[in-house]
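# Report on the structure
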Amino acid sequence: MANALQEQLLKAGLASKQKVKNARTQQRRDKKAKVDDGSAALKQQIAEQKLQQANKDKQLNEQRFKEATEKGQVKGLITEFTRFAISLPKEAETKFNYTLENKIYSVYINDKIQAQLLNGSLGIIRYEDKSYLVPHKLAVRVQLLVPQWCGYLWDETANNAVEQVSDADDPYADYAIPDDLMW
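Presented here is an overview of the structure given in this document. (Residues numbered from 1 in each chain as written. Predicted model: local features only at pLDDT ≥ 70, side-chain atom pairs only at ≥ 80, totals over all residues. Heavy atoms only, no water.)

## Some thoughts on the packing of helix α4 (residues 73–83) against helix α6 (residues 136–145)
Viewed as axis vectors pointing N to C, α4 and α6 meet at an angle of 150 degrees, and their least axial separation amounts to 11 Å. With respect to α6, the element α4 is oriented roughly antiparallel. Note on packing geometry: the crossing formed by α4 with α6 is left-handed. Counted together, Q73, L77, E80 and F81 of α4 and L138, R141, V142 and L145 of α6 form the full contact between these two elements. Residues belonging to the contact of α4 with α6 are distributed by class as follows: 5 nonpolar, 1 polar and 2 charged. (Axes fitted to C-alpha atoms, helices over the stretch in contact; angles between N-to-C directions. Helix = DSSP H or I, 4+ residues; strand = E, 2+ residues; numbered from the N terminus. Parallel < 35°, antiparallel > 145°, perpendicular 65-115°, else oblique. Left-handed = near helix turned anticlockwise from the far one by under 90°. Contact = heavy atoms within 4.5 Å. Nonpolar A, V, L, I, M, F, W, Y, C, P; charged D, E, K, R; others polar.)

Now the structure itself:
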């Protein structure tokens, strides 16, 4: 009975089967779109909380940066990491990727520098579209004052936590890893 009008239109030749099918599909979509399970309000609340937290973090970082700038620490830090920066090798073949503010940057390094980056004796600072390889302690200081400049900094606590979890639950612990495997 609900589709009596559609059947009459089909018999009269004023509508095709495809148009009827499209109308039914559209009715189902409209009905589904009208259903409110409360998740929209929850999603909006979570989005507002994230936005508030991001604004709060941004204001805190700006305040720290302003205080450090007033004290002259930022200028001193810039001159310090440009002076102590390790120059990138010209004949480097290994590409080292790091992320900074949701962007991926690359630096070509040799095996010695890669080992130093991975064991935590070096860090990467990105300032004015240039990457600097600096000692770990200097990278930590930069991260404290201006975290948006610190591109790569080895974190011992995070690395140990990952190793503890992976050693306990590793299903491939019995299998040997080839020496020449490069990730």
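## Let's talk about the nonpolar core
Proteins that are soluble and globular tend to have nonpolar side chains buried together. With 15 residues, the main nonpolar core has F81, I125, V134 and W149 as its most contacted residues. Contributing elements (two or more residues each) for this core: α4, β3 (122–127), β4 (130–135) and α6. With 4 residues, α4 is the largest single contributor of residues to this core. Among all residues touching F81, those that are not within four sequence positions of it are I125, Y127, Y132, V134, L138, V142 and W149. Grouped together as the second largest cluster of nonpolar side chains are 10 residues, F96, I109, I124 and L133 included. (Core = buried A, V, L, I, M, F, W, Y, C linked by side-chain atoms within 4.5 Å. Buried < 20%, exposed > 50% of the residue type's maximum accessible area, 1.4 Å probe, protein only.)

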